[in-house]
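# Structural description and commentary
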Amino acid sequence: MKNLTTLQQFFLSGTAEGDSQFLNRVFVPSEQLAELLSIPAGSPRLLIGNKGIGKTALLSYLNSIAKKYCVPTLLLAPDDLNYSNLGNNNDIATIKRILYNSLVHSVSKCIGTQLKGLLSADEKIIYDTAIAEGLTKPDLITNLASLLPKIGAEILKINSNSFAFDLGGNRGGEALALSVKKYLMSSNKLFFLFLDDIDQISSPDSSANLNRIWGLLLAARKLVQQNIQIRCIISVRTEVWTRLVSDDAGQRDQVDHFQPLVINLKASDDYIHSIIYKRIKIAAEELGYNAEDPWSCFFSTKEVTLPKSKETRKWGNFIIKSARQRPRDAIQLVHFLAKTALSIGHSHISDATIESSLVQYSTGAARYLVGEVGTDCNNFMEVIRSFADLDTFSIPFEKLKKHLSSMPSRFSLTIRGITLGNDRDNDFFTLLALLHESGFINPRVKDNSMPRGYNHITFFDDPYLVNRSRLNQLQQTLSWDIHPAFRSFLLDIQKDRFHA
């Protein structure tokens with residue numbers, strides 16, 4: 001059983017916090033790393049992605065590699081900023097000013113040791129006074145901001161080839177190397193500032209609260225415009241960014257300024273496979289197993305028979321298809337598989353471990369999804385559970401329309417401030433758009449280039465697919481398929497109802 005307990009050590013939560021002790025050892029840099037690092041001087045980069053796709057892990061990894069090369073770096077979450085002075089103030093200019101002051105203070109405090117060595121005696125007095133008094137006086141923030149251009153690692157002292165190699169984990173190749181060199185040459189000095197999950201500065205359920213997020217974005221942009229050696233990457237959850245760009249009462253005039261700076265973080269099947277394989281390989285090496293096929297150290301067969309089906313898939317493909325394009329979900333599924341196998345006394349993961357572990361994993365996936373969508377839709381769990389009433393996971397469009405149109409009469413539904421129940425057609429499009437955006441359900445369309453003759457259109461493939469103006473296209477879909485990650489959860493509901 002030692003093999004499975006060792007496997008679990010490298011398949012814990014799949015979060016940056018949970019994997020922090022061995023993250024650098026197992027981390028696989030994103031395929032988009034070169035693009036991510038091509039940050040225009042004087043602008044922040046926006047990293048947009050779903051929960052579980054690896055935003056925090058990526059920033060944590062970049063943070064650690066930068067430190068290795070003695071590049072000043074700071075990784076901040078909203079909790080690390082002092083914005084107590086905001087109170088109930090929703091004026092965007094005031095929010096921006098307060099958060100800018102907080103950023104200047106945090107950045108200066110972080111690099112204080114390195115900064116002091118570059119300062120004259122008079123400048124050092126200014127710096128020490130501003131930090132000690134916590135920027136309680138307006139002139140202190142001005143004085144401190146004037147010293148920031150002195151910060152950063154000198155470019156000539158950074159080995160750009162080694163820096164690129166370490167950043168890319170031997171995956172980036174020439175594109176990453178060129179990107180890093182260009183990145184370094186655009187300034188005489190370099191300082192990394194990473195702002196992670198800034199949406200946590202406020203609950204994004206109203207325009208007033210969205211202003212706080214906009215305020216932090218504008219404050220970060222002001223900071224990097226004034227100090228081009230500061231390279232800033234800001235992560236935001238996809239559903240929050242969607243709210244920011246679609247809020248009619250918000251800062252619509254700013255969207256066009258930030259949109260070119262956006263990188264939508266994605267996780268291809270190949271990328272997720274590389275993440276899983278690297279962890280499995282390292283776990284096998286821990287056991288002294290160096291064969292070409294490390295999977296056999298933990299899995300009894302090369303393929304798994306899918307639950308409620310005679311169809312078989314390789315284990316890697318099965319895990320990937322269940323992961324919702326999120327590395328975290330793939331990692332947690334392997335954890336559940338190993339945990340279940342151990343609980344029934346098996347030394348390897350096999351078909352026998354699938355059913356019970358999938359229910360646990362699928363239930364967790366449903367709860368995660370409700371947590372993500374909860375601020376946008378009350379009773380979203382009831383919406384998901386309602387699909388257990390249907391006799392198929394591949395639903396024809398008209399059948400889906402009938403099912404969703406009945407929702408407001410079954411329980412109260414409010415989506416992004418709009419109460420459903422007054423307009424049957426609009427209610428349907430509103431609810432289907434949210435289900436598609438969340439990844440719970442995706443349309444199947446004919447595609448002869450694919451092995452099975454069809455493909456699925458995700459929200460990232462076409463964010464504006466679900467729209468009344470595209471009704472003809474929606475009607476021509478082959479079916480709307482519930483994502484495999486949620487099917488065991490729905491099957492378990494059906495099972496409970498049968499035995500009730």
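Above: the structure in question.
What this report covers is the structure whose coordinates are included nearby.

About the criteria used
- Residues numbered from 1 in each chain as written.
- Predicted model: local features only at pLDDT ≥ 70, side-chain atom pairs only at ≥ 80, totals over all residues.
- Heavy atoms only, no water.
- Helix = DSSP H or I, 4+ residues; strand = E, 2+ residues; numbered from the N terminus.
- Contact = heavy atoms within 4.5 Å.
- Areas by Shrake-Rupley, 256 points an atom, 1.4 Å probe, with all protein chains shown as cover.
- Core = buried A, V, L, I, M, F, W, Y, C linked by side-chain atoms within 4.5 Å.
- Buried < 20%, exposed > 50% of the residue type's maximum accessible area, 1.4 Å probe, protein only.
- Salt bridge = Lys/Arg side-chain N within 4 Å of Asp/Glu carboxyl O.
- Phe/Tyr/Trp six-rings, centres within 6.5 Å; stacked < 30°, edge-to-face > 60°.
- Lys NZ or Arg CZ within 6 Å of the ring centre and 35° of its normal.
- Pairing = 2+ DSSP bridges.
- Axes fitted to C-alpha atoms, helices over the stretch in contact; angles between N-to-C directions.
- Parallel < 35°, antiparallel > 145°, perpendicular 65-115°, else oblique.
- Left-handed = near helix turned anticlockwise from the far one by under 90°.
- Nonpolar A, V, L, I, M, F, W, Y, C, P; charged D, E, K, R; others polar.

### Side note on the overall build of the protein
Tallying secondary structure elements over the protein gives 23 helices and 14 strands in all. Counting contacts in the protein only where the partners sit at least 6 residues apart, residues at least 24 apart contribute 72% of the total. With the model as given, the accessible surface of the protein reaches about 22400 Å², and the carbon-plus-sulfur share is 49%.

### Remarks on the nonpolar core
Generally speaking, soluble globular proteins have nonpolar side chains that are buried together. Among the nonpolar cores identified, the biggest contains 106 residues, and Leu7, Ile276, Phe380, Phe387, Phe440, Ile441 and Leu490 are the most heavily contacted of them. In terms of nonpolar packing, the next biggest core, distinct from the first, is built from 41 residues, Ile95, Leu103, Val107 and Cys232 among them.

### A closer look at the pattern of salt bridges
All chains considered together, the criterion is met by 17 salt bridges. A salt bridge links lysine 281 to glutamate 285; the nearest nitrogen and oxygen atoms lie 2.6 Å apart. You can see lysine 281 and its partner glutamate 285 sitting in helix α14 (residues 269-286), four residues apart, about one turn around the helix. Assessed through its relative accessible area of 35%, glutamate 285 is described here as partly exposed.

### Observations concerning the packing of aromatic side chains
For any pair of aromatic rings, the description rests on two quantities: the centre-to-centre distance and the angle between the ring planes. This structure, assessed with the given rule, holds 13 aromatic pairs. Relative to tryptophan 315, the ring of phenylalanine 299 lies with its centre 4.9 Å away and its plane at 45°, an arrangement referred to as tilted. Placement of phenylalanine 299 in the loop between α14 and β7 (303-305) and of tryptophan 315 in helix α15 (residues 315-321) is noted, with a sequence separation of 16 residues between them. Both residues of the pair, phenylalanine 299 and tryptophan 315, count as buried. Judged by centre distance (5.2 Å) and plane angle (40°), the ring pair of phenylalanine 440 and phenylalanine 486 falls under tilted. One end of the pair, phenylalanine 440, is in the loop between α21 (424-438) and β12 (441-446); the other, phenylalanine 486, is in the loop between β14 (479-482) and α23 (487-499), with 46 residues separating them in the sequence. For phenylalanine 486, a relative accessible area of 0% puts it in the buried group. One aromatic cluster is present, built from ring pairs that chain together Trp295, Phe299, Trp315 and Phe318. One Lys or Arg, lysine 222, reaches over the ring of tyrosine 100 and ends 4.2 Å from the middle of that ring. Here arginine 328 stacks its cationic end above the ring of tyrosine 368, 4.1 Å away from the centre of that ring.

### What to know about the environment of leucine 75
Assignment of secondary structure puts leucine 75 in strand β2 (residues 73-76). Given the relative accessible area of 29%, leucine 75 is considered partly exposed. Once the C-alpha coordinates of leucine 75 and phenylalanine 192 are considered, the two residues, 117 residues apart in sequence, prove to be 8.3 Å apart. Once residues lying within four places of it in the same chain are set aside, the contact partners of leucine 75 are Leu59, Ser60, Asn63, Asp80, Phe194 and Asp196.

### Structural notes on the pairing of strand β5 (residues 230-237)
Along β5, eight of the eight residues are buried, which leaves the element largely enclosed by surrounding structure. Of the two faces of β5, the one holding Ile230, Cys232, Ile234 and Val236 and the one holding Arg231, Ile233, Ser235 and Arg237 are both buried throughout. As judged from the five bridges shared by strand β1 (residues 45-49) and β5, these two strands associate in the parallel manner. For arginine 45, the partnering residue across the bridge sits in β5 and is isoleucine 233. Two elements, strand β4 (residues 189-195) and β5, share five bridges in a ladder whose sense is parallel. By the bridge assignment, phenylalanine 191 is partnered in β5 with isoleucine 230.

### Re helix α19 (residues 397-405)
Listing the buried residues of α19 in full gives Phe397, Leu400, His403, Leu404 and Ser405. Tucked into the core, α19 has its buried residues touching β9 (394-395), α20 (407-410), α21, β12, α22 (471-475) and β14.

### A few points about the sheet that holds β12
One key point about sheets: their strands pair by backbone hydrogen bonds, in either a parallel or an antiparallel sense. Taken in spatial order, the four strands make up an open sheet running β9-β14-β12-β13, and their pairing is antiparallel. Of all strands in the sheet, those with a lone pairing partner are β9 and β13 (454-456), marking the two edges. Two strands pair when backbone bridges link them, and β9 and β14 are joined in this way by two bridges, in the antiparallel orientation. Residue pairing in the sheet places isoleucine 395 in a bridge with tryptophan 480 of β14.

### Re the side chain of threonine 353
By the element assignment, threonine 353 lies in the loop between α16 (327-343) and α17 (354-373). Its relative accessible area of 0% is what places threonine 353 among the buried residues. Once you skip the residues sitting within four places of it in the chain, threonine 353 turns out to touch Leu337, Thr340, Ala341, Ile344, His346 and His348.

### Things to note about the packing of helix α4 (residues 55-68) against helix α9 (residues 160-168)
Close contact between α4 and α9 brings their axes to 10 Å; oriented N to C, the two are set at 155°. If you check the angle between α4 and α9, you find them roughly antiparallel. Considering the relative orientation of α4 and α9, their crossing is right-handed. Counting all contacts with α4, which are made through Tyr61, Leu62, Ile65, Ala66 and Lys68, the residues of α9 involved are Phe163, Asp166 and Leu167. Across the contact of α4 with α9, the residue classes break down as six nonpolar, no polar and two charged.

### Things to note about the packing of α19 against α21
Axis separation between α19 and α21 bottoms out at 9 Å; the angle between their running directions is 105°. One finds that α19 runs roughly perpendicular with respect to α21. Residue-level contacts link Phe397, Leu400, Lys401, Leu404 and Ser405 of α19 to Arg424, Asp425, Phe428, Leu431, Leu432 and Leu435 of α21. Partitioned by chemical class, the residues of the contact of α19 with α21 number seven nonpolar, one polar and three charged.

### What to know about unusual backbone geometry
Of note in the backbone geometry, glutamine 325 takes a positive phi value of approximately 60° without being a glycine. For glutamine 325, the location among the structural elements is in the loop between α15 and α16. Taking the relative accessible area as the measure of exposure, glutamine 325 reaches 37% and is therefore partly exposed. At asparagine 379, a position not held by glycine, the phi torsion is positive, near 60°.

### Some points on the environment of leucine 474
Within the secondary structure, leucine 474 sits in helix α22. Its relative accessible area of 0% is what places leucine 474 among the buried residues. Sequence separation between leucine 474 and valine 445 is 29 residues; the distance between their C-alpha atoms is 9.6 Å. Not counting residues up to four positions away in its chain, the partners in contact with leucine 474 are Phe397, Phe429, Leu465, Val466, Asn467 and Trp480.

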